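This is what each chain is made of:
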Amino acid sequence: MIYWATQTIGSSVRMYKAEAMAQWGGSQPLQKSNVPAGVTLFPREAQFPKEWAERFVNVVSFKKVTEGGHFAALEVPDIFAEELRSFFYGIK
């Protein structure tokens, strides 16, 4: 919802479009970002292996949690906030 309300939906799906274009359209694949990234997989959201995330970003934190879904900040705010805190405190 926040992407639609702030008119940033395009940037939120850019990675998926670019990867699909590279795979099926013959363009260059996305370059990996070196920015530290934290990945938390919530059980009612799309699941993927850590190796998939590592193809695109510099994964410094990867964790699967037991509750939550696509709207984790609303569904399980305590878990979501703890994951954010843990990631940012872990970056040096």
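Bear in mind that the values here come from a model prediction, so they are computed numbers and not experimental data. (Residues numbered from 1 in each chain as written. Predicted model: local features only at pLDDT ≥ 70, side-chain atom pairs only at ≥ 80, totals over all residues. Heavy atoms only, no water.)

(A) Local environment of the environment of Ala 53. Mapped onto the secondary structure, Ala 53 falls in helix H4 (residues 50–54). Assessed through its relative accessible area of 5%, Ala 53 is described here as buried. As for Ala 53 and Phe 71, which are separated by 18 residues in sequence, their C-alpha atoms are 20 Å apart. With sequence-adjacent residues up to four places away left out, Ala 53 is seen in contact with Val 39, Phe 48 and Val 59. (Helix = DSSP H or I, 4+ residues; strand = E, 2+ residues; numbered from the N terminus. Buried < 20%, exposed > 50% of the residue type's maximum accessible area, 1.4 Å probe, protein only. Contact = heavy atoms within 4.5 Å.)

(B) Molecular detail of the packing of aromatic side chains. Applying the stated criterion across every chain, the model contains four aromatic pairs. Measuring from ring centre to ring centre gives 4.9 Å for Phe 48 and Trp 52, while their planes differ by 55°; the resulting arrangement is tilted. By relative accessible area, which is 23% here, Phe 48 ends up partly exposed. Here a set of aromatic residues connected by ring pairs shows up, and it is made of Phe 48, Trp 52, Phe 56 and Phe 62. (Phe/Tyr/Trp six-rings, centres within 6.5 Å; stacked < 30°, edge-to-face > 60°.)

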